[in-house]
Amino acid sequence: MKNLIFKYSVIFFLIFTTSISAIFAQDDRSVMSQAEIQSFLTHLKDKSSGINSLEASFTQEKVLRMFQKKMVSQGVFCFKREDKIAFFYKSPYKYRMIINGKKMLMDNGGKEQLIALDNNAIVREMRNLIQASFLGKLQDLGTSYSISYFKEKDGSFYVEVVPRAKNITEIISKISVNFNPSTFLVSKLTLEESAQSTTIYYFSGHRINTINDDEKFNIN
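Residues numbered from 1 in each chain as written. Predicted model: local features only at pLDDT ≥ 70, side-chain atom pairs only at ≥ 80, totals over all residues. Heavy atoms only, no water.

Caption draft 1: Region of the structure containing the overall build of the chain. Of the regular secondary structure elements, the chain holds 4 helices and 12 strands. Within the chain, buried positions represent 39% of all 220 residues. Considering only contacts in the chain between residues 6 or more positions apart, those separated by 24 or more positions represent 47%. If you sum the accessible surface of the chain, you get close to 12700 Å²; carbon and sulfur atoms cover 54% of it. (Helix = DSSP H or I, 4+ residues; strand = E, 2+ residues; numbered from the N terminus. Buried < 20%, exposed > 50% of the residue type's maximum accessible area, 1.4 Å probe, protein only. Contact = heavy atoms within 4.5 Å. Areas by Shrake-Rupley, 256 points an atom, 1.4 Å probe, with all protein chains shown as cover.)

Next up, the structure:
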């Protein structure tokens, strides 16, 4: 009997704490009205229209929920209109991931692998979202996604993107993007994978229109 009471007490405690956490999480941001969404999308498109290229420092945190382990990496992110993206990892290991059109190059210490994005759902969806975010074209993602818009307590914008296609949701459950309220640049990107892992990118030190050629994005 004592074991049964203890069991239900634990269950109640877990439900209670989860509910409280959810309430506080909701209090951290508010749902944007239709007028606020339209204003945000207009400003985002206007601000991004002058961006031909962008460089930023990034910190990546990958959390494996099963092991409660966090892996932290740092490097430089590069973007060039329309479809060129690169992550140059500097620490703890040197590594580069370059997306140019429909191809991706992964270079791990000289061991190169060329991948067609049609065969990699996670990277393809991340590419689509990064492009839409930096080009101010979130509304162009279409009906393939469920998009929700929120405002954080600090005034920044939070956009939650949930894929609708089953073959994608089996891999990616949700993608969220935080935008700086004054520059409308991406400050944080969170990728929640269905395999119980979360990858978070923090961007800082944005430098606009500093890339003059395609050398950084060359895929041999």
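Read on for the rest.
Caption draft 2: Summary view of the pairing of strand 11 (residues 186–193). Pairing of strand 10 (residues 172–179) with strand 11, which is carried by 7 bridges, proceeds in the antiparallel orientation. Within strand 11, the residue paired with Ile-175 across the bridge is Leu-191. Count of turn residues in the strand 10/strand 11 antiparallel hairpin: 6 residues, of which Phe-184 carries a positive phi of about 60 degrees. By the bridge criterion, 6 bridges tie strand 11 to strand 12 (residues 197–208) in an arrangement that is antiparallel. Within strand 12, the position partnered with Glu-192 by the bridge is Thr-198. (Pairing = 2+ DSSP bridges.)

Caption draft 3: A look at the packing of aromatic side chains. Scanning the model with the defined rule gives 15 aromatic pairs in all. With 5.0 Å between their ring centres and 55 degrees between their planes, Phe-77 and Phe-87 make a pair best called tilted. Taken together, the residues span a long stretch of sequence, with Phe-77 in strand 3 (residues 69–80) and Phe-87 in strand 4 (residues 84–91) at a distance of 10 residues. The exposure class assigned to Phe-87 is buried, which follows from its relative accessible area of 1%. An aromatic cluster of three or more residues is present, and its members are Phe-58, Phe-77, Phe-87, Tyr-89, Tyr-95, Tyr-201 and Phe-203. Sitting over the ring of Tyr-158, Arg-29 keeps its end group 3.8 Å from the ring centre. (Phe/Tyr/Trp six-rings, centres within 6.5 Å; stacked < 30°, edge-to-face > 60°. Lys NZ or Arg CZ within 6 Å of the ring centre and 35° of its normal.)

Caption draft 4: Representation of the pattern of salt bridges in the model. Overall, the coordinates contain 11 salt bridges when judged by the stated rule. The shortest N-O distance in the salt bridge between Lys-84 and Asp-83 comes to 3.8 Å. Each of Arg-96, Asp-107 and Glu-112 takes part in a single network of salt bridges with overlapping partners. (Salt bridge = Lys/Arg side-chain N within 4 Å of Asp/Glu carboxyl O.)

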